[in-house]
Amino acid sequence: MLTTLHTAYSDTRAADLAWALGREPLPALAVLDLQLAGATMQLRLLGASHQVLLEEERGSCSETVACMPGSSTPLPLGVAKRIGDWEYEFAARVETLGAGSFAGRAQELLALVADHPHGLAGTFPGSPHAFTAMLAQRTEGQVRWRTWHAYPQEGQLVVTRTRVGVRMPAAAL
């Protein structure tokens with residue numbers, strides 16, 4: 001699903017993004033509710049930020065990547081945590097692209113997500129390359145999602161990927 005976010009482009013620097021687990025739902029500009037083989041998932045666009053809410057029989061998980069006032073947790077390159085019976089893995093990277101490359105990459109990503117049944121993308125008024133996009137899937141008992149946060153004024157694209165899966169018991173010796 002592709003939508004125009006009717007708000008000012010406020011999270012304007014990739015370096016200002018922070019990461020958090022367990023936050024309550026924040027006000028969203030666009031939402032996509034999904035059912036993925038026993039998991040209820042909500043993809044939420046918060047401007048140039050995102051929040052994912054995941055509920056399953058074994059528990060729940062909330063991931064937020066946003067400019068959060070008072071947050072002391074910058075966007076990490078990687079995180080691995082146990083959340084109840086789940087293993088949670090998060091990774092982020094920043095791509096810096098020239099203007100032409102950035103425009104092409106933006107078009108590719110928006111085309112990928114716009115018509116995908118588990119995709120949500122929002123563009124901002126004033127710049128066709130200012131967007132946030134999210135794509136979710138469930139495979140082999142794991143829920144995965146990827147996000148893209150575009151900052152055309154900096155030529156930067158923040159790319160994240162997350163995997164949440166049931167923790168496997170240690171093999172008996």
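Residues numbered from 1 in each chain as written. Predicted model: local features only at pLDDT ≥ 70, side-chain atom pairs only at ≥ 80, totals over all residues. Heavy atoms only, no water.

### Focus: the overall build of the protein
What the protein contains, in helices and strands, is one helix and twelve strands. For the protein, the C-alpha radius of gyration of 16 Å lies close to 16 Å, the compact-globule estimate for 173 residues. With the C-alpha coordinates of the protein rotated into their principal frame, the extents come out at 55 × 35 × 30 Å. Across the 173 residues that make up the protein, the buried fraction comes to 46%. Put simply, 58% of the contacts in the protein that link residues at least 6 apart link residues at least 24 apart. Summing over all exposed atoms, the protein offers an accessible surface of approximately 8,600 Å²; the carbon and sulfur share of this is 52%. Positive and negative charge centroids in the protein, built from 14 and 16 side chains respectively, lie 5 Å apart. (Helix = DSSP H or I, 4+ residues; strand = E, 2+ residues; numbered from the N terminus. Rg over C-alpha atoms; globule rule 2.2 N^0.38 Å. Buried < 20%, exposed > 50% of the residue type's maximum accessible area, 1.4 Å probe, protein only. Contact = heavy atoms within 4.5 Å. Areas by Shrake-Rupley, 256 points an atom, 1.4 Å probe, with all protein chains shown as cover. Lys, Arg positive; Asp, Glu negative; His and termini not counted. Charge placed at Lys NZ, Arg CZ, Asp CG, Glu CD.)

### As for the nonpolar core
Ranked by internal contacts, the top residues of the largest apolar core, which has 32 residues, are Met41, Leu43, Leu54 and Trp145. Beyond its immediate chain neighbours, meaning those up to four positions away, Leu43 contacts Ala30, Val31, Leu32, Leu34, Gln51, Val52, His118, Leu120, Met134 and Ala136. Judged by nonpolar contacts, the second largest core, of 13 residues, contains Ala106, Ala121, Phe131 and Trp148. (Core = buried A, V, L, I, M, F, W, Y, C linked by side-chain atoms within 4.5 Å.)

### Brief notes about the packing of aromatic side chains
Under the criterion given, the structure shown has two aromatic pairs. Taking the centre distance of 6.3 Å and the plane angle of 35° together, the rings of Trp19 and Tyr88 count as tilted. Of this pair, Trp19 sits in strand 2 (residues 18-21) while Tyr88 sits in strand 8 (residues 86-96), and the two are 69 residues apart along the sequence. By the burial criterion, Trp19 is buried, and Tyr88 matches it. Centroid distance Trp19 to Phe90: 6.0 Å. Interplanar angle 35°. Geometry classified as tilted. Taken together, the residues Trp19 in strand 2 and Phe90 in strand 8 connect sequence positions 71 residues apart. Residue Trp19 shares its accessibility class with Phe90, and that shared class is buried. One aromatic cluster in this structure is built from Trp19, Tyr88 and Phe90. (Phe/Tyr/Trp six-rings, centres within 6.5 Å; stacked < 30°, edge-to-face > 60°.)

### Quick notes on helix 1 (residues 99-114)
Here helix 1 spans 22 Å end to end across 16 residues, near enough to the 22 Å set by a 1.5 Å rise per residue. For helix 1, every residue scored as buried is listed here: Phe102, Ala103, Ala106, Leu109, Leu110, Val113 and Ala114. Each buried residue of helix 1 sits inside an arc of 135° when the element is viewed along its axis, so together they form one side. For helix 1, exposure combined with an orientation more than 90 degrees from the buried face picks out Gly100, Gln107, Glu108 and Ala111. Looking at the buried residues of helix 1, the elements they touch are strand 1 (2-4), strand 9 (119-124), strand 10 (127-139), strand 11 (142-151) and strand 12 (156-166). (Expected span 1.5 Å × (residues − 1). Arc of directions from axis to C-beta.)

### Looking at the environment of Ala20
Here Ala20 shows up in strand 2. Expressed as a C-alpha distance, the spacing of Ala20 and Thr40, which sit 20 residues apart in the sequence, is 20 Å. With near-sequence residues (within four places) excluded, Ala20 lies in contact with Ser62, Glu63, Thr64 and Met68.

### Remarks on the pattern of salt bridges
As enumerated under the stated definition, the model contains six salt bridges in all. A salt bridge links Glu87 to Arg82, with the nearest nitrogen and oxygen atoms 3.1 Å apart. Judged by its relative accessible area of 58%, Arg82 is exposed. Note that Arg105 is salt-bridged to Glu95, the shortest N-O span being 3.5 Å. With Arg105 in helix 1 and Glu95 in strand 8, the pair connects residues that are ten residues apart, well separated along the chain. Assessed through its relative accessible area of 15%, Glu95 is described here as buried. One salt-bridge network, held together by shared partners, links Arg93, Glu95, Arg105 and Glu108. (Salt bridge = Lys/Arg side-chain N within 4 Å of Asp/Glu carboxyl O.)

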